[in-house]
2 protein chains.
Amino acid sequence: MQRITVLGAGAMGAGLTRPLVDAGLDVHLWGTWLDDHLIDAIEAGQPHPRINVVISDKVTTYRSDQLAEAIEGSDVVVMSVSSEGVPGVAKLALPLLGDAEAIWMTSKGFCPDPDGNIQLLPDALRRIAGELGVTIPPIVAIAGPVKANECADAKPTATMYGCRDIEVAKTAARAARTPNYAIAASGDEVGVEICAPMKNVYAISLGIADGLEEATGVPHHNLKAAAFAQAIREMSLLGQKLGARPETAYDLPGVGDLEVTGLSGRNKVYGVRLGRGEKPDEALAEMTRLEQTVEGVPATGLAMTLVSQRASDIAGQLPLLFAINDILQGKVSDVLAAVTQAVLPVRP
Amino acid sequence: MQRITVLGAGAMGAGLTRPLVDAGLDVHLWGTWLDDHLIDAIEAGQPHPRINVVISDKVTTYRSDQLAEAIEGSDVVVMSVSSEGVPGVAKLALPLLGDAEAIWMTSKGFCPDPDGNIQLLPDALRRIAGELGVTIPPIVAIAGPVKANECADAKPTATMYGCRDIEVAKTAARAARTPNYAIAASGDEVGVEICAPMKNVYAISLGIADGLEEATGVPHHNLKAAAFAQAIREMSLLGQKLGARPETAYDLPGVGDLEVTGLSGRNKVYGVRLGRGEKPDEALAEMTRLEQTVEGVPATGLAMTLVSQRASDIAGQLPLLFAINDILQGKVSDVLAAVTQAVLPVRP
């Protein structure tokens, strides 16, 4: 492969261009209709407003009305828009893929189909392609502990590329890896994909433990660690129910990504507010006011629907997910007790 | 079971008395010849000097010359001395066990036998018992994310009890659990045991990532998360080589305990010093001067010997252990490069 087009000029799309350029690829970056100011900054050689890193001038930028031009002749197209943006961009982009050999995805989340069935994004892409009557190449799901600003700055980063066809994942991994951007290839598309939104859900509980420390002046490290282990267990179980391999949650997409998400990020920060005693709706309103999107909040609701649709028989094994949902729904008066009950194991 | 005697009045031994008392047990706490000042504080109703929590007056304390009295009539004896103290205390205590139904162990580490073979502590206990010609009851290994001060303060805590005979682990779990001290029972003694010293080793690498952030002003979160995932992988692989189940490292003793150890603790702090650029021997000398024992340092050397003795065929799959050892040996000029090379996967 030679040419790769990244769709979405936000933090992750822009950040990903760094290893792609370093790997010697011809990188196109297309901005959506929401990204004009980001493309402006990139073209002016200014730091990217979301990640504060200058994007390489080897990247060719395209505006929202130049989608066909951006994609034309590309061997790979990378979906890097927000999860809510995926359906709209997919409808525009999928018919333009030409001879592209693969679609990569850094977009993360759940996507309901028109009947309300919760789908992972690769399934949603395949559904949309079917609705459009177009054939699409294999999809490579990308997940792992990648903060976009560090990736953009060529700080050491490890991630996982998962495709139903492991050979496609390996080809992708070989094409994009650099000394500072390592890629583990996996055949477990579902496992890689499910961890990404779920880690945002569970990061809220890690934040709650930190917030309890702030509120009480007493560390709750044991609780945070128990929540971490429970989160990994639940991610693995839910993934398996959807066809994933158990071990993917124990690797970079689960353990690794939950670690990095628990170090910083908005989901964790939201959890800290809850742990400090803020009401969930007020805390969310305040973060919205600060233009801080908390992906874990809608992901929790979608995950609950997903469980009811496809994993109801293991609902009892997902107490932390349910506790987080109860907390977000405002049903919990004692956040500490709710998290404690969810993560203190009674095994056997 | 009714009566339980904890050997060792340090942080973990003293901290453990809290859930044991709360579980309704008759708790004896024996201090070694190094613990007189700790017993003094406990008997005076003052906060325990190491964990700053007052120990319940329901705990009956014993001095080093009262070992037989402390153990007499106990259903369970808990080994909670430092790993270096285990052989000496074992030689004194094992002949006194009487009808005790189990030995529990919170002591953690590796123990070389007289021929220099590295043993896990339960194997060392069984060897010492054999040398003494005494028969001992089943051993229950205890590990998980338990900071002793939080445990002593009845903060929510989850841990794992592992015994070759799962029924013994279950009996122990049922006897000692409280609403704030949850116990998962496991049949995987080796898996529970191997994680405890290894997490101290790997916590050094997490600290290094934090230290690099301090030194450069730039977060290395992606690196820290990649190191976390690699550490879990290596703990699981090394454990399996010694007979452990893969999944124990993915649970409370591995994922959970590495999380809590990476939040704070001396091994992490030592790593921070290395990441900031301090030389390993100077950093260690400074921490020794501050009376801060860094268990991960001797554990690294012992783990390397263990690998050479019993796991040499998977040495290539333990790059992070080897990198940490090289760093501690002063063989590495560029700590960032060494950790990066170890944790950025080339898979396949």
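Residues numbered from 1 in each chain as written. Chains lettered and ligands numbered in written order. Predicted model: local features only at pLDDT ≥ 70, side-chain atom pairs only at ≥ 80, totals over all residues. Heavy atoms only, no water.

## Observations regarding the overall build of chain A
For clarity, the threshold we go by: Numbering of helices and strands runs from the N terminus, with a helix taken as a DSSP run of H or I at least four residues long and a strand as a DSSP run of E at least two residues long. Every radius of gyration here is taken over C-alpha atoms, with the globule rule written as 2.2 Å times N^0.38, N being the number of residues. Only heavy atoms matter for contacts: two residues are in contact if any of them lie within 4.5 Å across the pair. Counting rule for charge: Lys and Arg are taken as positive, Asp and Glu as negative, and neither His nor the chain ends is counted. In plain terms, the charge of a residue is placed at NZ if it is Lys, CZ if Arg, CG if Asp and CD if Glu.
The secondary structure content of chain A amounts to 15 helices and ten strands. Its C-alpha atoms give chain A a radius of gyration of 20 Å, near enough to 20 Å, the size a compact globule of 348 residues would have. Across its three principal directions, the C-alpha atoms of chain A cover 55 × 40 × 35 Å. Across chain A, contacts joining residues at least 24 apart in sequence account for 68% of those joining residues at least 6 apart. Considering chain A, the positive charge centre built from 29 side chains and the negative charge centre built from 42 side chains are found 4 Å apart.

## So, the relation of the copies chain A and chain B
Put simply, the test is: Least-squares superposition of the copies uses the C-alpha atoms of those residues scoring a pLDDT of at least 70 in each of them.
Turning chain A through 180° and shifting it by 0.0 Å along the axis lays it on chain B, with an RMSD of 0.0 Å. Overall, the copies show the geometry of a two-fold rotation axis. Relative to the rotation axis, the C-alpha of Tyr 250 of chain A is the closest in chain A, positioned 3.2 Å from it.

## With respect to the UniProt feature "binding site: substrate" (unreviewed entry) in chain A
All names here are of chain A. Stated formally: UniProt positions are given in the numbering used here, feature names are shortened, and annotations may be inferred rather than shown by experiment. Type-normalised accessible area, obtained with a 1.4 Å probe on protein chains alone, sets the label of each residue: buried when under 20%, exposed when over 50%, and partly exposed for intermediate values.
Under the feature "binding site: substrate" (unreviewed entry), the UniProt entry names Lys 108, Arg 266 and Asn 267. In this structure, Lys 108 sits in the loop between strand E5 (102-105) and strand E6 (110-112). Beyond its immediate chain neighbours, meaning those up to four positions away, Lys 108 contacts Ser 83, Leu 121, Ile 142, Ala 143, Glu 193 and Ala 196. Along the chain, Arg 266 turns up in helix H11 (residues 266-276). When its relative accessible area of 40% is taken as the criterion, Arg 266 is described as partly exposed.

## A short note on helix H14 (residues 319-328) of chain A
All names here are of chain A. The buried count for H14 comes to seven of ten residues, which makes it a mostly enclosed element. Where H14 is concerned, the buried positions are Leu 320, Leu 321, Ala 323, Ile 324, Asn 325, Ile 327 and Leu 328. Residue Gly 330 follows H14 closely and has a positive phi angle near 75°.

## A few points about the UniProt feature "domain: Glycerol-3-phosphate dehydrogenase NAD-dependent N-terminal" (unreviewed entry) in chain A
Within this numbering scheme, the UniProt entry marks residues 4-168 of chain A as carrying the feature "domain: Glycerol-3-phosphate dehydrogenase NAD-dependent N-terminal" (unreviewed entry). End C-alpha to end C-alpha, residues 4-168 of chain A measures 15 Å, and it is 32% helix and 22% strand.

## Points about the domain arrangement of chain A
Residues and elements named next belong to chain A. Going by this rule: Just so you know, the domain bounds were taken from an automatic or database domain assignment. Accessible area, probed at 1.4 Å, shrinks when two parts are joined; the buried area is that loss added up over both. Any Lys or Arg side-chain nitrogen located within 4 Å of an Asp or Glu carboxyl oxygen qualifies as a salt bridge. Think of a polar contact as two N or O atoms within 3.5 Å of one another; within protein, one of them needs to be a possible hydrogen donor and the other a possible acceptor, and neighboring residues in sequence only count if both atoms come from side chains.
Looking at chain A, the domain boundaries give domain 1 (3-187) and domain 2 (191-343). Spacing between the C-alpha centres of domain 1 and domain 2 amounts to 26 Å. With 25 residues of domain 1 at the contact, the number on the domain 2 side is 22 residues. When domain 1 packs against domain 2, close to 1,900 Å² is buried across both sides, 70% of that on carbon and sulfur atoms. Applying the counting rule to domain 1 against domain 2 returns zero salt bridges. One can count three residue pairs in polar contact (both at pLDDT 80 or more) joining domain 1 with domain 2. At the level of secondary structure, the elements contributing two or more residues to the side of domain 1 that touches domain 2 comprise E6, strand E7 (118-120), helix H5 (121-132), strand E8 (139-143), strand E9 (157-162) and strand E10 (181-186). Per element, the largest residue contribution to the side of domain 1 that touches domain 2 is four residues, and it comes from E9.

## Quick word on the sheet that holds strand E3 (residues 60-62) of chain B
All names here are of chain B. Applied cut-off: When DSSP finds two or more bridges between a pair of strands, those strands are recorded as paired. Note on method: axes are straight lines fitted to C-alpha atoms, helices fitted across the in-contact stretch only, with angles between N-to-C directions ranging 0 to 180 degrees.
Taken together, eight strands build an open sheet; the order of strands is E3-E2-E1-E4-E5-E8-E9-E10 and the sheet is mixed. Each end of this open sheet is capped by a strand with a single partner; those strands are E3 and strand E10 (181-186). Along the sheet, successive strands turn relative to each other by an average axial angle of 25°, direction set aside. Taken together, the six bridges between strand E9 (residues 157-162) and E10 define a ladder with parallel strand orientation. When the sheet's bridge partners are listed, Thr 159 is paired in E10 with Ile 183.

## Here we look at the interface of chain A and chain B
Every contact between the two is made by 50 residues of chain A and, on the other side, 50 residues of chain B. Summing the contributions of chain A and of chain B, the shared interface buries around 3,900 Å²; its carbon and sulfur component is 64%. Scanning the region where chain A abuts chain B turns up two salt bridges. A salt bridge links Asp 251 of chain B to Arg 233 of chain A; the nearest nitrogen and oxygen atoms lie 2.5 Å apart. Where chain A meets chain B, there are 13 residue pairs in polar contact (both at pLDDT 80 or more).

## Quick notes on the packing of aromatic side chains
We count it as follows: Each aromatic pair joins two rings of Phe, Tyr and Trp (for Trp, the six-membered one) with centres within 6.5 Å, and gets the label stacked for planes under 30 degrees apart, edge-to-face for over 60, and tilted for any other angle.
The full count for this structure, using the stated rule, is six aromatic pairs over all chains. Between Trp 104 of chain A and Tyr 161 of chain A the ring centres are 5.2 Å apart and the planes differ by 65°, which places this aromatic pair in the edge-to-face class. Residue Trp 104 of chain A is found in strand E5, and its partner Tyr 161 of chain A is found in strand E9; the two are separated by 57 residues along the sequence. Note on Trp 104 of chain A: relative accessible area 1%, which makes it buried. A centroid spacing of 5.4 Å and a plane angle of 45° characterise the contact between Phe 228 of chain A and Phe 228 of chain B, whose relative ring orientation is tilted. Placement of Phe 228 of chain A in helix H9 (residues 221-241) and of Phe 228 of chain B in helix H9 (residues 221-241) is noted, with the two residues assigned to different chains. Here Phe 228 of chain A and Phe 228 of chain B have matching classes, each one buried.

## Description of the pattern of salt bridges
The tally for this structure, following the rule as stated, stands at 42 salt bridges over all chains. With its nearest N and O atoms 3.9 Å apart, the salt bridge here joins Arg 63 of chain B to Asp 36 of chain B. One end of the pair, Arg 63 of chain B, is in the loop between E3 and helix H3 (67-71); the other, Asp 36 of chain B, is in helix H2 (residues 36-43), and 27 residues separate them in sequence. Classification of Arg 63 of chain B as partly exposed rests on a relative accessible area of 21%. What emerges from the salt-bridge pattern is a single network uniting Asp 36, Asp 40, Glu 43 and Arg 63 of chain A.

## Some remarks on the packing of helix H8 (residues 189-216) of chain A against helix H13 (residues 296-310) of chain A
All names here are of chain A. So the rule is basically this: For a crossing to be left-handed, the near helix must be turned anticlockwise from the far one by less than a right angle; the clockwise case is right-handed. In this classification, the charged set is Asp, Glu, Lys and Arg, the nonpolar set is Ala, Val, Leu, Ile, Met, Phe, Trp, Tyr, Cys and Pro, and all remaining amino acids, among them Gly, are polar.
Their axes nearest at 8 Å, the elements H8 and H13 cross at an angle of 115°. The two elements H8 and H13 cross, and the hand of that crossing is left-handed. Contact with H8, carried on its side by Ile 194, Pro 197, Met 198, Asn 200, Val 201 and Ile 204, involves Gly 296, Val 297, Ala 299, Thr 300, Ala 303 and Leu 306 of H13 and no other residues of that element. Taken together, the residues that form the contact of H8 with H13 break down as nine nonpolar, three polar and no charged.

## Re the pairing of E9 of chain A
With respect to burial, E9 of chain A is a largely interior element, six of its six residues being buried. The side-chain alternation of E9 of chain A yields two buried faces, one formed by Thr 157, Thr 159 and Tyr 161 of chain A and the other by Ala 158, Met 160 and Gly 162 of chain A.

## Here's the deal with the pairing of strand E8 (residues 139-143) of chain B
Residue and element names in this part refer to chain B. Among the five residues of E8, five are classified as buried, and the element is accordingly described as predominantly covered. Of the two faces of E8, the one lined by Ile 139, Ala 141 and Ala 143 and the one lined by Val 140 and Ile 142 are each fully buried. Summarising the sheet, strand E5 (residues 102-105) and E8 pair through three bridges and their orientation is parallel. Counted as the bridge partner of Met 105 is Ala 141 from E8.

## Brief notes about unusual backbone geometry
Residue and element names in this part refer to chain A. The backbone of Asn 52 sits at a positive phi, close to 60°, despite the residue not being glycine. Relative to the assigned elements, Asn 52 resides in the loop between helix H2 (36-43) and strand E3 (60-62). A positive phi angle, near 60°, is found at Glu 291, a position not held by glycine. Here Glu 291 is to be found in the loop between helix H12 (280-289) and H13. The class of Glu 291 is exposed, set by a relative accessible area of 68%.

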